[in-house]
Amino acid sequence: MCGIVGYAGAGEAGPLLLEGLGRLAYRGYDSAGVAVCGDDGRLSVIRAAGRLDRLREKTQDGAALHGSCGIGHTRWATHGAPDERNAHPHASPDGLTAIVHNGIIGNHLLLRSRLEAMGYVFRSETDTEAAALLLHACWLACGESDPRRRALAALRGMAAQLTGSYAICALFAGQPDAVYAVRRGSPLVIGCCDGGYMLASDVPALLGRAHHAVHLHDGEYACVSAEAVELYDADGCRISRESEALDIAPEAADKGGYAHYMLKEIVEQPQALRRTIGAYTGEAGGSLRADLQAAGLGRERLAAVRHVLLFGCGSAYHAGVAGRYAMERLARIPCRAELASELRSRELLLDQAGTLAVAVSQSGETADTLAALRLCRAHGVPVLAVVNAAHSTMAREADGVLLTRAGPEIAVATTKAYTAQAAVLDLLAIALAAARGCIGVREEASLLGALHALPDAVGDLLGVRDSIRRIAEGMAGAHSAFFIGRGIDHAAAMEGSLKLKEVSYIHAEAYPAGELKHGAISLIEPGVPVIGICTQTDTAARMQTAMAEAGSRGACLVHISSGECAVPGAQEIRLPQAHPLIAPVLAAVPLQLLAYEIGCLRGLDVDQPRNLAKSVTVE
Ligand code: F6R
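Let us look at the overall build of the chain. Of regular secondary structure, the chain possesses 19 helices and 27 strands. By the compact-globule yardstick of 25 Å for 619 residues, the chain fits well, its C-alpha radius of gyration being 25 Å. Across the 619 residues of the chain, 60% fall into the buried class. For the chain, contacts bridging at least 24 residues in sequence account for 71% of all contacts bridging at least 6.

Right, here's the structure in full:
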């Protein structure tokens, strides 16, 4: 989704902005632009539709822009076509102010008509331009003589009239030494670099440049110059906040010799899982114990939970569905897994005292999941966030946090963050089961031992890539595919189907295996791939039946299973022998590889599929 960078420092802003935009490209975008305030105080704005290379050409890699303060943006179109006119930055017609914006201005139509009535002429179809022109109007209306105070007052005046979500960075003509920022609902971080500061909507944009970072909170403002960061609260009072060390190595955001980030991140899963599982297990009395104290989930607190509500979007929701099965089975606790984007359209019917709500999200910024988190908290239900981004809004707003330690995930389609989420939810299931007395110390240790075996099993499984490539060659020309599984394997089927859709653009559907014959089987014709996932012995026989039903209609069968029983006529992928708790997590790996190989065979940009964004910060 849209990305913001900004720079104020001793160096030339242009090349640094282009570099930062390059690091944000993974989020998905369809146009880009930069604005720099020159030493003469004039603002220069350059924008281009399409890939960043167009902007690089137009700006000579940023060198065509002179000045040491600037802002840049990658746009993912919401209001208005993805063309140059709608690209950010948006400047006032007289070149006095320019802004870049992430999020959505809820009342932009109302503002537009008010501003038009004041004589402003809009040049784009974006919601952002309403904020840009409003800022200009506030600047003109402000009686302050000091330029910085006037800029801050204008920004506050603008923000007071905006609804919706935004992170905005602004430049003012005549102020070649300052970038201004304000946020509500969309993230913004200020990185401390040698010789200045960078602003960004996402930490990866800062990697390799910043060593420390200051996170701007909702409602706050900043004036950033080469020398200092001044922070203000919503009332305009000066506040201070310590910067935090950025503990992500710049290499973590490199391709590391792999053809694609997606492949690198698939291969990184053993380390990601080892870090994540290791963080929440400890030894007590010579036995392995699940330790969720970091999230304030001691045994007493867990024992008081009567009901679990898991929610997330896309893959994070699928992790929640898998977690639901584990919690029901191990902890014998009623558990719901819900799509965060649907939660607000339902009656929540939550028992405030006994419910543990769990928001699952890689980015910690997904607007729908964040809204569901806030809704639960507004109903008095405490929320645990399972997030990968330690400084995200969800991590800040939740009552407790369990971090997945997958490291930065750059490919748009999630892989290592998904399996890390599934592992954390397994840990939560084990901890709940132990706290509720459903399992004893010995069984807890044995389940945790199984979970500790997961990283090595994933490592072994990566060796199936050659077999997967052969299957992919047979599937690359398909128009449609079905993924089927029963019980917990339906979660893996949903994840496999989503991965295939995202990176190969093949239409795919996931079905609980028993449901296929209730309608969708009419779509099975010779050659349609049907991928069956079977990791549980109690469902193996019924899965064989479902696969046979599809096979007898000519489907091209692929069977991913932990057991020995093969499906006649199917291409078989065997998962390593594993505990039934972790086998469904393992099943994700060949499904990720399958989608990846098919995407590559079809010549697609698997890291940045069309229309998608890494972090969906609009509802
Ligand atoms: C799928 C994918 C998306 C995300 C979803 C939620 O590969 O990446 O479906 O899982 O947009 O994102 P987060 O986890 O950041 O809340």
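This part takes up the environment of Ala228. Position of Ala228 among the secondary structure elements: in the loop between strand E12 (221-224) and strand E13 (229-232). Residue Ala228 is classed as partly exposed on the basis of its relative accessible area of 29%. Along the primary structure Ala228 and Ala178 are separated by 50 residues, whereas in three dimensions their C-alpha atoms are 9.7 Å apart. Leaving out residues up to four positions away in the same chain, Ala228 has contacts with Tyr197 and Cys223.

Here the focus is the domain arrangement of the chain. On domain assignment, one finds that the chain holds domain 1 (3-247), domain 2 (262-452) and domain 3 (462-619). The distance between the C-alpha centroids of domain 1 and domain 2 comes to 35 Å. Facing 10 residues of domain 1, the contacting portion of domain 2 comprises 10 residues. Across the interface of domain 1 and domain 2, roughly 820 Å² is buried in total on both sides, 56% from carbon and sulfur atoms. Broken down residue by residue, the surface that domain 1 buries against domain 2 is led by Tyr26, Pro187 and His215, which jointly contribute 45%. Salt-bridge contacts for Asp218 lead to Arg374; the nearest nitrogen and oxygen are separated by 3.5 Å. Connecting domain 1 to domain 2 are 2 residue pairs in polar contact (both at pLDDT 80 or more). Residues of the side of domain 1 that touches domain 2, tallied by class, amount to 4 nonpolar, 3 polar and 3 charged.

Moving on, we come to the sheet that holds strand E24 (residues 507-512). Taken in spatial order, the 5 strands line up as E24-E23-E25-E26-E27 in an open sheet, and their pairing is parallel. Two strands close off the open sheet at either side, each with one partner strand: E24 and strand E27 (571-574). Adjacent strand axes in the sheet meet at a mean angle of 20° when their direction is disregarded. The pairing of strand E26 (residues 556-561) with E27 spans 4 bridges and is classified as parallel. Following the sheet pairing, Ile560 is matched in E27 by Ile573. In the packing of helix H16 (residues 465-475) onto the sheet, the strands contacted are strand E23 (480-485), strand E25 (529-534), E26 and E27, and the crossing angle to E27 comes to about 145°.

Looking along a regular strand, one sees the side chains alternate between the two faces of the sheet. Looking at chain direction, strand E2 (residues 31-37) and strand E3 (residues 43-49) are connected through 7 bridges and run antiparallel. Bridging across to E3, Ala35 finds its partner in Val45. Between E2 and E3, which pair antiparallel and follow one another directly, the connecting turn spans 5 residues, one of which, Gly41, has a positive phi of 85°.

Counting through the fold element by element, Gln269 comes out in helix H7 (residues 269-279). Here the side chain of Gln269 touches Gln592 through a polar contact of 2.7 Å, side chain to side chain. Not counting residues within four places of it along the chain, the set of residues in contact with Gln269 comprises Thr415, Lys416, Thr419, Val458, Val589 and Gln592.

Turning our attention to helix H11 (residues 367-378). With 12 residues, H11 extends 16 Å between its outermost C-alpha atoms, agreeing within 8% with the 16 Å of an ideal straight helix rising 1.5 Å per residue. Buried within H11 we find Ala367, Asp368, Thr369, Leu370, Ala371, Ala372, Leu373 and Cys376. Packed against the buried residues of H11 are strand E18 (307-312), helix H10 (340-343), strand E20 (355-361), strand E21 (383-387) and helix H12 (393-397). Directly after H11, the chain includes Gly380, whose backbone phi takes a positive value near 80°.

An order of E5-E6-E7-E8-E12-E13-E14 is seen for the 7 strands of this open sheet, with the pairing classed as antiparallel. The sheet is open, and its two edges are formed by strand E5 (90-91) and strand E14 (238-239), each paired on a single side. The sheet contact formed by E5 and strand E6 (residues 97-105) spans 2 bridges and is antiparallel. Among the inter-strand pairings, His90 is bridged to a residue of E6, identified as Ile99.

Around the ligand, a shell composed of 14 residues is seen, among which Ser361, Gln362, Ser363, Thr366 and Glu502 lie nearest. Ser361 places a polar side-chain atom, nitrogen or oxygen, 2.6 Å from an oxygen atom of the ligand. Thr414 places a polar main-chain atom, nitrogen or oxygen, 3.0 Å from an oxygen atom of the ligand. Considered on its own, the ligand offers 410 Å² of accessible surface; in the complex 90% of this is hidden by protein. Of all elements in the fold, only helix H9 (314-331) and helix H17 (488-504) reach the threshold of two or more residues within the shell around the ligand. Tallied by class, the residues present in the shell around the ligand amount to 5 nonpolar, 7 polar and 2 charged.

A word on the nonpolar core. Ranked by size, the top nonpolar core spans 147 residues in total, and within it Phe311, Met327, Val358, Leu428 and Leu454 carry the most contacts. Per-element tally for this core: the top contributor is helix H13 (residues 416-435), with 14 residues. Residues in contact with Leu428, not counting those within four places in the same chain, are Leu292, Leu297, Leu302, Met327, Leu356, Val358 and Leu384.

Under the counting rule described, the total for this entry stands at 30 salt bridges. Across the salt bridge formed by Asp40 and Arg42, the nearest N and O atoms sit 3.9 Å from each other. Judged by relative accessible area, which is 58%, Asp40 ranks as exposed. With a relative accessible area of 61%, Arg42 lands in the exposed category. The partner of Arg274 in a salt bridge is Asp456, and the shortest N-O contact between them spans 2.9 Å. With Arg274 in helix H7 and Asp456 in helix H15 (residues 454-461), this pair connects stretches of sequence that are 182 residues apart. Residue Arg274 is classed as partly exposed on the basis of its relative accessible area, which comes to 44%. Judged by relative accessible area, which is 48%, Asp456 ranks as partly exposed.

Moving on, we come to unusual backbone geometry. Residue Pro89 follows His88 across a cis peptide bond; omega there is 0°. Here Pro89 is to be found in the loop between strand E4 (69-75) and E5. In this model, Asp61 sits at a positive phi of 60°, which is unusual for a non-glycine residue. Structurally, the position occupied by Asp61 is in the loop between helix H2 (52-59) and E4.

Turning to the packing of aromatic side chains, a few remarks are in order. Across all of its chains, the model carries 3 aromatic pairs by this definition. Taken together, Trp139, Phe172 and Tyr180 form an aromatic cluster joined through their ring pairs. Note that Arg150 overlies the ring of Trp139, its terminal NZ or CZ placed 4.2 Å from the centroid. The ring of Tyr505 has Arg610 lying over it, and the distance from NZ or CZ to the ring centre is 3.8 Å.

Calculation rules
- Each chain carries its own residue numbering, running from 1 in the written order of its sequence.
- pLDDT decides what is reported in this predicted model: residues at 70 or higher carry local features, side-chain atom pairs at 80 or more are listed and counted, and totals for whole chains, interfaces and linings draw on all residues regardless.
- Side-chain measures were taken over the full set of non-hydrogen atoms in the model, leaving aside hydrogen atoms and water.
- Numbering goes from the N terminus for both helices and strands, where a helix is a DSSP run of H or I of at least four residues and a strand is a run of E of at least two.
- Our radius of gyration is a C-alpha quantity, and the globule rule it is checked against amounts to 2.2 Å times the number of residues to the power 0.38.
- Using a 1.4 Å probe on the protein chains alone, a residue whose accessible area is under 20% of its type maximum counts as buried, one over 50% counts as exposed, and one in between counts as partly exposed.
- Contacts between residues were defined by any pair of non-hydrogen atoms, one from each residue, lying within 4.5 Å.
- Annotation comment: domain bounds sourced from an automatic or database domain assignment.
- Buried area is a sum: the accessible area each of two parts loses on coming together, probed at 1.4 Å, counted once for each and added.
- A side-chain nitrogen of Lys or Arg and a carboxyl oxygen of Asp or Glu constitute a salt bridge if their distance falls within 4 Å.
- Any pair of N or O atoms that falls within 3.5 Å is considered a polar contact. Within protein, one atom must be able to donate a hydrogen and the other to accept it, and sequence-neighbouring residues count only if both atoms are side-chain atoms.
- Only Asp, Glu, Lys and Arg are considered charged, only Ala, Val, Leu, Ile, Met, Phe, Trp, Tyr, Cys and Pro nonpolar, and every remaining residue, Gly among them, polar.
- A pair of strands is treated as paired once DSSP finds two or more bridges between them.
- Axes here refer to lines fitted to C-alpha atoms; in helices the fit is confined to the stretch in contact. Angles between the N-to-C directions go from 0 to 180 degrees.
- To estimate how far a helix should reach, multiply one less than its number of residues by 1.5 Å.
- Nearness is judged by heavy atoms alone; a residue qualifies as near a molecule or strand once a single heavy atom is within 4 Å of it.
- Reported accessibility uses the Shrake-Rupley method at a 1.4 Å probe radius. Residues are deemed covered only where the shown protein chains occlude them.
- Residues belong to one nonpolar core when they are buried, are Ala, Val, Leu, Ile, Met, Phe, Trp, Tyr or Cys, and are joined through side-chain atoms within 4.5 Å.
- Stacked, tilted and edge-to-face pairs are distinguished by plane angle, under 30 degrees for stacked and over 60 for edge-to-face with tilted covering the rest, among Phe, Tyr and Trp rings (Trp via its six-membered ring) whose centres lie within 6.5 Å.
- Charge-over-ring contacts are defined here by two conditions on Lys NZ or Arg CZ: a distance within 6 Å of the ring centre and an angle within 35 degrees of the ring normal.

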